[in-house]
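Survey of secondary and tertiary structure
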Amino acid sequence: MSTTSDKPVLIIDIGTTSSSAVVVRGDSVSLVPEPVTGLRSWPSAVYWDGAQMLVGSPAEQRKRSDPTAYATEFKRGLAADTPTVLGHRRFRPIEQVAAVLVALRTEAERLHGGRIERAVITVPATYAPTPLDPTAAAPADTRRAQMVAAGEAAGFETVELLPEPVAAAFAPVAGPPLGNGDLVLVYDLGGGTFDTALVRIDERRHEVLGHAAIDDGGRDIDALLAAQIHSDGQQWLAPLLRAAAASPSAPATLRLGMAVTDFAQRIKHRLSDTATVEDYLLPDVPAYRLSRTELATLAAPLLSRTTQCCAAMLDHLNVAAHQVDAVLLVGGGSRMPAVTETVRRAFGRPIRTADDPELATVLGAARWLARSGPRTLPAWSSPERIAPLSFGIPGGSTRLLRWLVRPGEVYSAGTRLARTRLPSGAIWDLTAANPGTLERLLIQPGTDVTSQDWLALARY
Amino acid sequence: MTDDVWGITVSEPILVVDLGTSGTRAALVDGNQVTLVKEPGGGSSWPSAICLDDAGPVVGTAAELCKRTLPRRYIEGPRRALDAQASMRLEDREISGVDALTLFVSVLRAEAARLLGSPPSRLSLAVPADYEPGDPRRDLMIGIGEAAGFTDVELLPDAVAAALDPDVSDNLPAGALVLVCDLGTNWTVGLVQVYGSHTTLLSQRGNAAGHHIDAQLINDLRERARDWLEPLLAAPGDPGLRAYYEMIDFIRQLKHQLSGGGEEVVDHLTALSPPHRLTRDRLTAIATPALHWLVESCHALVSERGLTLADVAAVVLAGGGARLQMVVPGMLDGLGFRDGATAHPLRRSGEPELAVLRGAARYAAGAAARVVPAERPRWQVEPLTWDIPGGVGRLQRWLVAEGAPFAAGEPVARVRTADERVFDLTVARSGTLVSHRSAAGGPVGPVMVAGAARDRGGMPLDAPNRRLHLESRGLWQLHADRQLLVECTRAPSVRLRSLLDGAVLGDFRPEAGVDATTRGRVFVDPDGRFCLVGWDADGWFSVWEVETGKLNTRFRDPGGPFKVLVDETAWRLATEGGSRGVGLRRRAATTLWDLRTGSRLERLSDEHWRRQHPGFAELSGRDGFGTTTTSPDGQLRADASPAPNGDPVVAVHDTTTDHELFRLRGSAGHQGRVGFSADSRYLLVNWESEERSLVDVYDV
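Below or above, wherever it landed, is the structure these notes cover. Note that the structure is predicted; figures quoted are calculated from it, not measured.

Turning our attention to the overall build of chain B. Broken down by element type, chain B carries 13 helices and 50 strands. When burial is assessed residue by residue, chain B has 51% of its 700 residues classed as buried. In chain B, the share of contacts with a sequence separation of at least 24, taken over all contacts with a separation of at least 6, comes to 53%. Accessible surface computed for chain B: about 30,900 Å², of which carbon and sulfur atoms make up 49%.

Bringing the nonpolar core into the picture now. Of all hydrophobic cores here, the largest spans 61 residues; its most connected members are Leu 389 and Phe 391 of chain A together with Val 178 of chain B. When sequence neighbours within four positions are dropped, the list of residues in contact with Phe 391 of chain A reads Leu 417, Leu 430, Thr 431, Ser 451 and Leu 455 of chain A together with Val 372, Pro 373, Ala 374 and Glu 375 of chain B. In terms of nonpolar packing, the next biggest core, distinct from the first, is built from 49 residues, Trp 187, Leu 229, Trp 293 and Leu 294 of chain B among them.

Our focus in this paragraph is the interface of chain A and chain B. How big an interface is tends to be stated in terms of the accessible area lost upon association of its parts. Listed as interface residues are 63 residues of chain A and, on the opposing side, 65 residues of chain B. For the pair chain A and chain B, the summed buried area comes to about 5,500 Å², and 51% of that belongs to carbon and sulfur atoms. The interface formed by chain A and chain B holds six salt bridges in total. As a salt-bridge pair, Arg 419 of chain A and Glu 12 of chain B come within 2.7 Å of each other at their nearest N and O atoms. The tally of links from chain A across to chain B stands at 32 residue pairs in polar contact (both at pLDDT 80 or more). Counting only elements with at least two residues in the side of chain A that touches chain B, the list comes to α4 (143-153), β11 (158-163), β19 (376-378), β20 (386-389), β21 (397-403), β23 (416-421), β24 (427-431) and β25 (436-441) of chain A. For the side of chain A that touches chain B, the leading source of residues is β24 of chain A, giving five residues. For the side of chain A that touches chain B, the class distribution of residues is 33 nonpolar, 14 polar and 16 charged. In terms of strand pairing, β19 of chain A meets strand β26 (residues 422-426) of chain B through three bridges, oriented parallel. Directly across from Thr 376 of chain A, in β26 of chain B, lies its bridge partner Asp 424 of chain B.

Quick look at the sheet that holds strand β36 (residues 530-535) of chain B now. Residue and element names in this part refer to chain B. Strand order across the open sheet formed by four strands is β35-β36-β37-β38, with antiparallel pairing between neighbours. Among the strands making up the open sheet, the edge pair consists of β35 (519-524) and β38 (551-556). Looking at each pair of strands side by side, their axes are set apart by 20 degrees on average, direction ignored. Pairing between β36 and strand β37 (residues 540-545): five bridges, direction antiparallel. Along β37, the bridge assignment pairs Cys 531 with Glu 545.

Here the focus is the packing of aromatic side chains. Summed over the entire model, instances satisfying the criterion amount to 11 aromatic pairs over all chains. One cation-aromatic arrangement involves Arg 89 of chain A over Trp 48 of chain A; the distance from NZ or CZ to the ring centre is 4.8 Å.

Glancing now at the state of the cysteines. All names here are of chain B. Taken as a whole, this structure holds one disulfide over all chains when the rule is applied. Across a sulfur-sulfur distance of 2.4 Å, Cys 51 and Cys 66 are joined as a disulfide pair. Of this pair, Cys 51 sits in strand β7 (residues 49-53) while Cys 66 sits in helix α1 (residues 61-66), and the two are 15 residues apart along the sequence. Cys 181 takes part in no disulfide bond, and the closest cysteine sulfur, belonging to Cys 298, lies 3.8 Å away. Looking at Cys 298, the relative accessible area reads 0%, which means it is buried.

The subject of this paragraph is the sheet that holds β19 of chain A. Spatial ordering of the open sheet is given by β19(A)-β26(B)-β25(B)-β23(B)-β28(B), a layout of five strands whose pairing is mixed. Only two strands of the sheet have a single neighbouring strand rather than two, namely β19 of chain A together with β28 (443-444) of chain B. Bridge count between strand β23 (residues 393-398) of chain B and strand β25 (residues 413-417) of chain B: five bridges; the pairing is antiparallel. Residue Gly 393 of chain B lies in a different strand from β25 of chain B, and its bridge partner there is Thr 417 of chain B.

With that settled, the discussion passes to the pattern of salt bridges. With the rule as written, the count across this model stands at 71 salt bridges over all chains. Ionic pairing is found between Arg 76 of chain A and Glu 73 of chain A, a salt bridge with its closest N-O pair at 2.9 Å. Take Glu 73 of chain A: its relative accessible area is 21%, and that puts it in the partly exposed class. One network of salt bridges, in which partners are shared, links Arg 402, Arg 416, Arg 419 and Asp 429 of chain A together with Glu 12, Arg 122, Asp 152, Glu 154 and Arg 370 of chain B.

Looking now at the pairing of strand β31 (residues 475-478) of chain B. Residue and element names in this part refer to chain B. The alternating pattern of β31 places Leu 475 and Gln 477 on one face and Trp 476 and Leu 478 on the opposite face, and all of these are buried. Across four bridges, the pairing between β31 and strand β32 (residues 484-488) is antiparallel. Within β32, the residue paired with Trp 476 across the bridge is Glu 487. The antiparallel pairing of β31 with β32 creates a hairpin that spans five residues between the two strands, and Arg 482 there sits at a positive phi of about 55 degrees.

Attention now moves to the side chain of Lys 63 of chain A. By the secondary structure assignment, Lys 63 of chain A is in the loop between α2 (57-62) and β7 (70-72). With near-sequence residues (within four places) excluded, Lys 63 of chain A lies in contact with Tyr 47, Tyr 70, Met 258 and Asp 262 of chain A.

So, about helix α10 (residues 337-347) of chain A. Since there are 3.6 residues in each turn of an α-helix, residues three or four apart along the chain are aligned in direction. All names here are of chain A. Those residues of α10 lying buried are Ala 338, Val 339, Thr 342, Val 343 and Phe 347. Buried residues of α10, viewed axially, fall in a sector of 135 degrees; they line one side. Gly 348 occupies a position one or two residues after α10 and carries a positive phi of about 60 degrees.

Relative orientation and spacing of two packed helices are given, respectively, by the angle between their axes and the distance between those axes. Residues and elements named next belong to chain B. One can describe the packing of helix α7 (residues 209-224) onto helix α8 (residues 226-234) by two numbers: an axis separation of 6 Å at closest approach and a directional angle of 110 degrees. One element, α7, and the other, α8, form an angle in the roughly perpendicular class. Note on element contacts: α8 touches α7 through Arg 226, Asp 227, Leu 229, Glu 230 and Leu 233, opposite Leu 221, Arg 222, Glu 223 and Arg 224. Partitioned by chemical class, the residues of the contact of α7 with α8 number three nonpolar, no polar and six charged.

Residues and elements named next belong to chain B. Here helix α10 (residues 280-303) crosses helix α11 (residues 327-334) at 40 degrees, and the two axes come no closer than 10 Å. In terms of orientation, α10 and α11 fall into the oblique class. Viewed along their axes, α10 and α11 form a crossing whose handedness is right-handed. Across the interface between the two elements, Leu 291, Leu 294, Val 295, Cys 298 and His 299 of α10 pack against Val 327, Gly 330, Met 331 and Gly 334 of α11.

The peptide bond linking Gly 445 of chain B to Pro 446 of chain B adopts the cis configuration, its omega dihedral lying at -5 degrees. Although it is not a glycine, Glu 73 of chain A sits at a positive phi angle of roughly 55 degrees. Along the chain, Glu 73 of chain A falls in the loop between β7 and β8 (84-86). Even without being glycine, Trp 571 of chain B reaches a positive phi, approximately 55 degrees. Along the chain, the position of Trp 571 of chain B falls in the loop between β39 (563-567) and β40 (572-580).

This part covers the environment of Ala 512 of chain B. All names here are of chain B. Looking at the element boundaries, Ala 512 is found in the loop between β34 (504-508) and β35. Take Ala 512: its relative accessible area is 53%, and that puts it in the exposed class. Taking the C-alpha atoms as reference points, Ala 512 and Ser 542, separated by 30 residues in sequence, lie 9.9 Å from one another.

About the criteria used
Residues numbered from 1 in each chain as written. Chains lettered and ligands numbered in written order. Predicted model: local features only at pLDDT ≥ 70, side-chain atom pairs only at ≥ 80, totals over all residues. Heavy atoms only, no water. Helix = DSSP H or I, 4+ residues; strand = E, 2+ residues; numbered from the N terminus. Buried < 20%, exposed > 50% of the residue type's maximum accessible area, 1.4 Å probe, protein only. Contact = heavy atoms within 4.5 Å. Areas by Shrake-Rupley, 256 points an atom, 1.4 Å probe, with all protein chains shown as cover. Core = buried A, V, L, I, M, F, W, Y, C linked by side-chain atoms within 4.5 Å. Buried area = accessible area lost by both parts, 1.4 Å probe. Salt bridge = Lys/Arg side-chain N within 4 Å of Asp/Glu carboxyl O. Polar contact = N/O pair within 3.5 Å; in protein donor to acceptor, adjacent residues only side chain to side chain. Nonpolar A, V, L, I, M, F, W, Y, C, P; charged D, E, K, R; others polar. Pairing = 2+ DSSP bridges. Axes fitted to C-alpha atoms, helices over the stretch in contact; angles between N-to-C directions. Phe/Tyr/Trp six-rings, centres within 6.5 Å; stacked < 30°, edge-to-face > 60°. Lys NZ or Arg CZ within 6 Å of the ring centre and 35° of its normal. Disulfide = S-S within 2.5 Å. Arc of directions from axis to C-beta. Parallel < 35°, antiparallel > 145°, perpendicular 65-115°, else oblique. Left-handed = near helix turned anticlockwise from the far one by under 90°.

Structure follows, in structure tokens:
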């Protein structure tokens, strides 16, 4: 009867630069590829064409026609919630996120062939939990609530959130699975951000012991490489740029810049598999050559910031590097061979890699869903006659100090059941009117209760 | 206090403490036995002082004694630091008022443990009247008690305690108003309503008058003795501080001596210093502004409530300041009690310093009675409970409305847990959701409850709890608003009673126009007013308005005996069956009367006159009792059936299923009528016979 087994659930990893989704139904897990390109990850990009919001590759493709109508990395904007102007309209970051979610849902429902009402969205561990204490001040960090709201706006009836490192730690890894009780350092180098978390592995529910993040990601390496290309290729790039436009803000200049960035990304990705790459930005310009070592040198400062970020977190948690059982590399950025090398040097711990680093979070979340139990809670019931205990408190309200009987205890009429203190300071005891057995306590000591409240359940 | 657990009597001794600014008093209350916790030296009041001896902290007189040798390690009146929420200096370290008072209370607890054989676990602390509910200093006071080792800490406003002082407020009627003037270092006036355990402080005002009187006396001394006193005070280091403390003690001592009587006192600060004189006139002059304030405050507190001093049952003088000679006469004058000198309500006990402690001890002795028994369970509601995974969550929304049915396994609510999982709450059986009890959007956990209509399938039919049983020799009616019972006695008189507890909310008894033969019934006039219609053997009719007691109409129908009927809409009365004519021509006739004017309207000889005048009835048509009735919420139907084979019966059915839920049996010879309260919570059954009329109120 669990919701997880018979109804489809869409699992979504909405990243700063790319997003992915899978549909889980029962034991089947199916990826939602981008319809246009067939890519497994959707660019987290939007483009406002004046009538509708394009998402993913269509947005990427259109960005060259009007770069000002295009946006990416809007997930970063959730914290400050500052709207951006696309074309001639203002959009809040939450609206841009919702647009991506709508696109993912639409495609997933098309593939699945029916409505999907439930979603699990992974969120960075740095998003602070929503306080449940009613007296707490309004939460400073609304990003979790915004993510739920974006999911609901995208048409999901039920939206669950899952911290990304917890999801990643459930991801299929090369080699044997992570052991129960293991301390795993999750190293997640995404396109836009680097996130790390220390997770204790458990069969059903991993525990996040600590987390940290910095605003460096794979895109920053792309940018460094693009700058390198600009300087290395100055001879042939400069005339091109001059020819492209009179001013640096003209669309043609922006277009050329984008092209260089995309070129840099392509070179970087190819260096994951080969030691040296030779490629051409345009058919009529000289070849550009880069070796893996050169890329590693270029990325070294950034990679060292990521390991420093991990070390600082471990330090904060009072965990020595040798106590960490494994380092799990996830995120597209971790495909760079330099990452494995840097992490090994920094911590000297066994390195585990996700089968599919880009999809580790979304696939892990799908596995978590299967393990995290059913989502229906049946009411507790008793074959015997159970009645609630309530009391006509003098003055209407009092603070429960402590219970004087324990669940399971039999009491007689007149027995003192609990001690309370009225707002005036006077202590009043709550007594039983009939003999019975205390079944369950509903109110914790320290809580203010009123005459309307049910304080406990009793069996008669 | 005693606690009855499985027949074993467990005693719970309570330490009662009045932490005054300058003096602290404590008593141990065990059941009805009150033992003063005296100072090791035997005094009933511990000086509120602390001294940090090399061996550790000492309090009370021991601290007073060591202040001469260790003046820098001595602090007086630690409560002032708490009042101001500041800290004090004790030689080279800071000590908070909380720490100092915790130290003090710990010593008192140890002393109580010595008396008792084991430490008491319950503390009752008198707190200044201006620590009103919500004041953070109340939490600090509770923290002090807990830090000193007590499990349960109770607070009692000192004004309430003083009002309960058995020496001054015995025999006060319940609900009496008492003005408490507590004249310690701070002077406070509180208006207290005495109601046993429910005694409450209604309002209060305070002023630092006691402190100002001492300061003024010290000023006097310093001015007059400047040449020899100032050099002593100005001495550097401990000697100067020592002289300062000596001076304060000296002034208080002079004041106390003068309180004992006499026109003046003369004493020497030290054996070598010249004499200092304090006259009663001077002390009176100094105290006069404070007394004015006191009198004004008494007037103000009562007038703020729209009352006068005549409404106050007692004015209690408590605290050491009450010993000042000019206080009693000043208050008698100021409050205007001089005239009726014998019966004025001003009261002062022999030891006013102990008034708060005595009252607090009396309050503590009543602790066993301060219990709230559980409400009788509403038998038809079954609690549904869910354990929230992880212990806490937020209720996203209800999927089944209150009052709506749900199917077995159908989600009734949706909860988001702290780890952002979303759960649907279900129930294994089908039923009706009666009450939500948790609001959507609010936090829930670790257990969430809701109320469902009890599944009656497997339950035996049983009657609900009878809440109330009322008996009258007259007639009962259920007021049209279904919130009041109207009892019309044969006297006749009319009583309005609450159907919650039977309390008499209104009582009307005609003073004139009735005799032993008068009978009456209550009707409701076209304006909705209750009217008592009474008639006697001579045929005199009277119509009174119950609420105002006004006699509206009086008229006479010399016929009789007859049946009396009233048309409440037209506001007319009919006397049916009165004899008309004599001998063979004697026959029944009906006369109609206008109840507004008392004038005769019509005489009818037709036996079937009621066909033309259908509005007439023997009982008020606006009576909520009937032979069959449905609850206002439409869920229950009650029918009273006449008893062909003996006992009359009231049967209650569920209107949706038409299942009989339970039946109630009356005694032989009674007729049943039924009604529901306006909120559908109570079923009322009226059993009537020739001799008596009963009303039973059931919780449904």
